[in-house]
There are 2 protein chains.
Amino acid sequence: MAIQFKIQHEDSSCRARAGSLTVRNQQVSTPVFMPVGTAGAVRAVMPSELKRLGATIILANTYHLSLKPGEGLIQKAGGLHKFMGWEGPILTDSGGYQVFSLPGVKISDEGVSFRYEVDGRAVTLTPERSMEIQSALGADIIMAFDECVSYPCEYEVAKRAVERTTQWAKRCGQSHKNSNQTLFGIIQGSVFPDLRKRSAEQLLDIGFEGFSIGGLSVGERLQKMNVVLEETIPFLPKRYPRYLMGIGLPEDLLNAIERGLDMFDCVIPTRYARSASAFTNRGKIRLIHKEYRRDFYPIEPNCRCYTCQNFTRAYLRHLFVSKEILGAMLTSIHNLYFYQDLMKQSRDAILENRFSRFKQAFLDQYQS
Amino acid sequence: MAIQFKIQHEDSSCRARAGSLTVRNQQVSTPVFMPVGTAGAVRAVMPSELKRLGATIILANTYHLSLKPGEGLIQKAGGLHKFMGWEGPILTDSGGYQVFSLPGVKISDEGVSFRYEVDGRAVTLTPERSMEIQSALGADIIMAFDECVSYPCEYEVAKRAVERTTQWAKRCGQSHKNSNQTLFGIIQGSVFPDLRKRSAEQLLDIGFEGFSIGGLSVGERLQKMNVVLEETIPFLPKRYPRYLMGIGLPEDLLNAIERGLDMFDCVIPTRYARSASAFTNRGKIRLIHKEYRRDFYPIEPNCRCYTCQNFTRAYLRHLFVSKEILGAMLTSIHNLYFYQDLMKQSRDAILENRFSRFKQAFLDQYQS
């Protein structure tokens with residue numbers, strides 16, 4: 001078996017759990033946040049810094065990598081780990097989420113067709129093709145190819161997407177041959193409890209080593225998301241890792257952890273950093289604002305990251321004002337560290353049965 | 001005295017010399033290359049990486065920093081070292097070189113007036129003002145304010161610039177009060193041997209702890225530059241560090257080292273890196289070229305830098321093609337390492353009286 005997942009402790013006050021995921025012979029403590037390296041690079045952050053700031057597993061995008069530079073080239077390079085200089089575990093998504101947001105995409109039971117925006121070439125993505133690409137990329141955890149619907153979505157449309165997602169998940173399981181890789185299923189069903197239940201049960205029947213809750217963060221509100229989580233998670237046996245795709249802000253992560261989620265990924269910490277938004281215990285700040293011109297404190301005075309240990313808000317503001325790349329680099333490091341630290345604090349709280357209190361205390365300060 | 005300079009060895013086959021500059025209680029081995037941090041940041045390179053790649057002293061620009069964020073703010077931040085998170089020695093230029101290249105600049109014996117391109121405000125730079133700014137910035141080595149002429153330049157114009165540079169150098173010496181800082185003089189005189197001689201002699205009379213050869217790299221050819229160096233250096237006592245400003249390509253540095261220069265700065269390694277040009281022992285390569293698409297070797301196979309130890313040309317090409325910031329970051333690290341390594345190899349060769357042979361062997365391969 002390519003991964004092992006053990007729950008180390010369940011918080012007595014909520015559904016939150018602390019676990020250990022063994023991937024690539026490395027330990028990944030959960031809850032875990034995976035920085036996103038869309039094109040095989042976490043934007044503006046070197047792998048050595050990723051390691052230093054505490055990242056243990058990262059995500060890369062099948063859609064982008066298959067088109068540029070192409071999975072064949074990455075395979076020839078010795079796989080994605082070697083290509084991008086990251087020795088830790090990697091998870092690749094299935095390409096579905098990106099594809100369904102493209103204009104002019106055509107969906108059939110067979111798969112999905114679209115034209116690549118850069119050069120106009122016709123591309124078809126099927127469950128088999130997604131497995132083939134992901135096998136060539138060589139990530140440690142790979143995702144089944146699913147149909148992701150937008151929000152809001154009519155019941156009948158969501159229902160057909162669940163049926164298709166189940167059929168595609170079967171085909172993914174059948175064509176998944178690379179024993180170094182662990183395949184996760186993706187539960188769909190929009191905001192409809194019975195569809196979520198059906199999707200979960202059908203995927204469990206097929207059998208996967210982990211389950212993702214997909215189709216969220218597509219426009220629904222936090223409250224809706226929480227309802228979906230609460231309606232879906234009871235159908236997932238505790239022994240499997242649970243992964244909430246593409247989410248989110250710190251408050252979203254804490255909400256999901258409280259409901260029993262283990263794994264997360266999101267572009268927010270790095271994307272926000274590039275536009276000068278930094279996370280602090282008292283909420284986000286825009287470093288480019290004039291009020292930081294003479295602010296000689298670090299982004300977050302209690303933070304132990306490289307950026308906060310060495311640079312002030314005034315310096316970072318100067319970098320952004322001067323359009324120096326270093327501004328994005330240093331803020332990305334801080335934001336990712338902030339997310340890693342949030343996971344570590346969450347885990348510590350779970351181990352001491354005080355997660356809900358921790359969450360409330362964090363939010364009280366963060367949203368003040 | 002704020003700095004100490006000792007010549008450790010003079011090559012028996014040429015004028016090249018290996019020295020040790022003690023600045024800020026730190027040892028800087030010469031010949032030395034100083035990465036340029038124009039706006040208080042070496043573009044796309046974190047201070048921790050600068051240290052790791054072997055940089056011992058860096059340069060920052062008085063002109064840029066005085067206008068943005070202003071020297072007052074940097075002083076308030078605790079000085080430039082603290083502001084930019086660099087604990088090693090720093091040298092600041094005088095602002096002259098930048099100012100004289102501005103459109104609509106007005107020069108008088110008093111100083112220089114211009115309008116700041118960003119907000120149109122009127123700015124006057126004088127020798128006294130340059131010293132005041134540099135004192136507030138707090139660099140370890142500071143430069144006298146000089147008049148830099150363009151190339152080609154009429155004899156009479158160059159002559160008047162030398163006279164003015166001498167007068168301004170005197171005023172810099174008189175207004176230089178910060179005992180933590182060491183003031184260097186800048187020799188002008190365009191390509192006219194008698195003017196270079198006069199400038200050197202007059203600056204020696206005033207007395208400085210180091211001398212820079214300015215007014216080069218403004219359009220003249222390498223051969224002209226070498227003539228100037230050979231006509232100027234004999235008038236400089238050996239005991240002072242000699243600094244060639246704003247130069248240059250690897251071949252320029254080796255030429256200057258052979259003629260007895262000790263210190264260099266240039267934006268080339270970082271600027272070239274951002275446009276995907278990388279230095280190798282066989283010359284520059286453009287990483288974005290198609291021929292590197294499936295090239296799974298590092299930029300320079302024998303290089304020990306972080307980039308070459310971990311990434312291939314194919315990956316770097318992919319980063320540049322994908323417009324990932326990481327491409328500029330990793331190539332900047334390599335190029336700066338390449339320059340640092342060139343200085344180290346030069347020094348080792350000098351210590352063994354084989355610099356000219358080393359230079360020829362390097363150029364034979366580099367220009368092949």
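Refer to the structure printed above.
Treat the numbers as computed from the prediction; the structure is a model and nothing was measured.

Draft legend 1. The arrangement of the relation of the copies chain A and chain B in detail. Of the transformation placing chain A onto chain B, the axial shift is 0.0 Å and the rotation is 180°, giving an RMSD of 0.0 Å. Both copies are brought into coincidence by an operation consistent with a two-fold rotation axis. The rotation axis passes nearest to the C-alpha of Ile-325 of chain A in chain A, at a distance of 3.9 Å. Most of the interface of chain A is mirrored in chain B: 100% of its interface residues are interface residues there too.

Draft legend 2. Spatial organisation of the sheet that holds strand 7 (residues 106–107) of chain A. Residue and element names in this part refer to chain A. If you trace the three strands from one edge of the open sheet to the other, you get 7-8-9, paired in antiparallel fashion. Two strands in the sheet have a free side with no partner beyond their single neighbour: strand 7 and strand 9 (122–125). Looking at chain direction, strand 8 (residues 112–115) and strand 9 are connected through four bridges and run antiparallel. Bridge pairing links Arg-115 to Ala-122 in strand 9.

Draft legend 3. Main features of the sheet that holds strand 12 (residues 211–213) of chain B. Here eight strands make up a closed barrel; going around it, the order is 4-5-6-10-11-12-13-14 (chain B) and the pairing parallel. Neighbouring strand axes in the sheet, compared pairwise and without regard to direction, differ in orientation by 30° on average.

Draft legend 4. How the structure looks around unusual backbone geometry. Residue Gly-248 of chain A is bonded to the preceding Ile-247 of chain A through a cis peptide linkage, with omega at 5°. With respect to the helices, strands and loops of the structure, Gly-248 of chain A is situated in the loop between strand 13 (242–244) and helix 10 (250–258). With an omega of 10°, the peptide bond between Lys-68 of chain B and Pro-69 of chain B qualifies as cis. Here Pro-69 of chain B is to be found in the loop between helix 2 (62–67) and helix 3 (71–76). A positive phi angle is found at Lys-323 of chain A, which is not glycine, with a value near 55°. Its location among the elements puts Lys-323 of chain A in the loop between helix 13 (313–321) and helix 14 (325–351). What makes Lys-323 of chain A exposed here is the crowd of 9 C-beta atoms within 10 Å.

How each quantity is defined
- Residues numbered from 1 in each chain as written.
- Chains lettered and ligands numbered in written order.
- Predicted model: local features only at pLDDT ≥ 70, side-chain atom pairs only at ≥ 80, totals over all residues.
- Least-squares fit on C-alpha atoms with pLDDT ≥ 70 in both.
- Contact = placed C-beta atoms within 7 Å.
- Pairing = 2+ DSSP bridges.
- Helix = DSSP H or I, 4+ residues; strand = E, 2+ residues; numbered from the N terminus.
- Axes fitted to C-alpha atoms, helices over the stretch in contact; angles between N-to-C directions.
- Buried ≥ 20, exposed ≤ 12 C-beta atoms within 10 Å, placed from the backbone.

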